[in-house]
Amino acid sequence: LAKDRGRARYEVFDDDLRYRIHQRLDSELALRDAVDLGEIETWYQPIVDLQNHTVVATEALARWRRPERGLVMPGDFIALAEEVGLIKGIGSTVLGQACRAATALEQGMAVSVNVSARQFVQDDFGDVVKRVLAESGLPPERLWLELTESAVLEAIDSAARTFQELRGVGVRLAIDDFGTGYSSFTHLRAFTVDLLKIDLTFIRDLESSDHDRAIVEGILRLADSLNLDVVAEGIETASQRDLLRGMGCRYGQGYLFSKPAPSAYPALLVAP
Ligand code: C2E
Ligand code: MG
Ligand code: MG
Ligand code: MG
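Residues numbered from 1 in each chain as written. Chains lettered and ligands numbered in written order. Predicted model: local features only at pLDDT ≥ 70, side-chain atom pairs only at ≥ 80, totals over all residues. Heavy atoms only, no water.

Draft legend 1. Spotlight on the coordination of the magnesium ion (ligand 2). The coordination sphere of the magnesium ion (ligand 2), as far as protein atoms go, consists of Glu 59 (OE), Asn 114 (OD1), Glu 146 (OE) and Asp 176 (OD), spread over 2.0 to 2.2 Å. In primary-sequence terms, the residues that donate to the magnesium ion (ligand 2) follow E-x54-N-x31-E-x29-D. A distance of 4.0 Å spans the gap from the magnesium ion (ligand 2) to the magnesium ion (ligand 3), which Asp 176 bridges by coordinating each metal. Placement of the pair is Glu 59 in strand 2 (residues 55-66) and Asp 176 in strand 6 (residues 172-178), with a sequence separation of 117 residues. Classification of Asp 176 as buried rests on a relative accessible area of 4%. (Donors = N, O, S within 2.8 Å, 3.2 Å for Na, K, Ca; no water. Helix = DSSP H or I, 4+ residues; strand = E, 2+ residues; numbered from the N terminus. Buried < 20%, exposed > 50% of the residue type's maximum accessible area, 1.4 Å probe, protein only.)

The structure is reproduced here in structure tokens:
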């Protein structure tokens, strides 16, 4: 009997695993055509000056409009795209859409595009960025690139060269999700960056946690001594904003100001 039960459990597990493998394969196949079928969209979320709510930039966020499934969030396809070698096509699609949208705005604000470590280490990444800038007509100073550290960056030297090359033409570079991930400090040492984005997990409990406040103050002091700008991510309440203002954090982003939206210049929800 015990053996039968064991076997039944095994089959249930087996079915579950088979189902998940099937789902993944199905997604991978669909994702392979997503760029060509025009299913990759770019949504935007404003980055504001915390003092007066002037919009200084807008962050480009990928969405996959998958037929019969609706809007798929990056958390559900970026990692897969990285694993199966599709991030390059998706990344340059988003980069192109973002640069064209920012050029069309003529508001003088920047667009901030996420770039995964895997894109950065590609030999031609610098050329791809320069070509997109030339084709869209966006001044390089109005492009920010956010290095997202979802994985350890192996080829750190070649990535650092690409960083320098792009900074040389005027592109601004940011470390995304600062304080989490694999190697915030390694990246800070290896690359000359312009901006840190404080991860939203440090902002969430800012009002109640002395501990998180101390960490954020530490990051702000560090940024100050390195002469870097700082964006606090995930600001949801006015009191989080006020605390950050008081600590001297210049820029912020979050649902308080606007959720990501299909328009490159979403209206702000709150007054300064
Ligand atoms: P991220 O770059 O750190 O982007 C911020 C994420 O936080 C976005 O999620 C945004 O919608 C969400 N967010 C913004 N404000 C708030 C808030 O007040 N509260 C909360 N709880 N969340 C907030 P999203 O759009 O789902 O993107 C998730 C991640 O996927 C991004 O994190 C980024 O790492 C990655 N990603 C998005 N687009 C791309 C892309 O084009 N290329 C690459 N390589 N990665 C991308
Ligand atoms: Mg980002
Ligand atoms: Mg982030
Ligand atoms: Mg993130």
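Back to the text.
Draft legend 2. Here's a closer look at the side chain of Asp 194. Examined against the element boundaries, Asp 194 turns out to sit in the loop between helix 7 (184-190) and strand 7 (195-198). For Asp 194, the side chain forms a polar contact with the main-chain nitrogen of Leu 173, separated by 2.7 Å. Excluding anything up to four places from it in sequence, Asp 194 contacts Arg 167, Val 171, Arg 172, Leu 173, Leu 228 and Asp 229. (Polar contact = N/O pair within 3.5 Å; in protein donor to acceptor, adjacent residues only side chain to side chain. Contact = heavy atoms within 4.5 Å.)

Draft legend 3. Quick look at the pairing of strand 2. Among the 12 residues of strand 2, 10 are classified as buried, and the element is accordingly described as predominantly covered. By the bridge criterion, 9 bridges tie strand 1 (residues 40-49) to strand 2 in an arrangement that is antiparallel. Looking at strand 2, one finds that Glu 41 is bridged to Arg 63. Taking the residues between adjacent antiparallel strands as the criterion, strand 1 and strand 2 are bridged by 5 residues, where His 53 takes a positive phi near 65°. Note that strand 2 and strand 4 (residues 110-116) share 4 bridges and pair parallel. Within strand 4, the position partnered with Ala 60 by the bridge is Val 113. Pairing of strand 2 with strand 3 (residues 70-72), which is carried by 3 bridges, proceeds in the antiparallel orientation. Bridge assignment links Arg 65 to a residue of strand 3, and that residue is Leu 71. Following strand 2, the chain reverses through 3 residues before pairing antiparallel with strand 3; Glu 68 in that reversal takes a positive phi of roughly 65°. (Pairing = 2+ DSSP bridges.)

Draft legend 4. Just the coordination of the magnesium ion (ligand 3), in detail. Summarising the metal site, the magnesium ion (ligand 3) is bound by the protein donors Asp 176 (OD), Asp 177 (OD), Glu 233 (OE) and Glu 233 (OE), whose distances to it range over 2.0 to 2.4 Å. Mapping the donors of the magnesium ion (ligand 3) onto the primary sequence yields the spacing D-D-x55-E.

Draft legend 5. The nonpolar core, seen in detail. Among the nonpolar cores identified, the biggest contains 67 residues, and Leu 143, Leu 145 and Leu 244 are the most heavily contacted of them. Looking at which element gives the most residues to this core, the answer is helix 3 (residues 87-105), with 7 residues. Each residue touching Leu 145, except ones within four places of it in the same chain, is listed here: Leu 95, Val 113, Val 115, Phe 120, Phe 125, Val 129, Leu 166, Val 171, Arg 172, Leu 173 and Ala 174. Of all hydrophobic cores here, the second largest spans 8 residues; its members include Ile 47, Ala 57, Ala 174 and Tyr 251. (Core = buried A, V, L, I, M, F, W, Y, C linked by side-chain atoms within 4.5 Å.)

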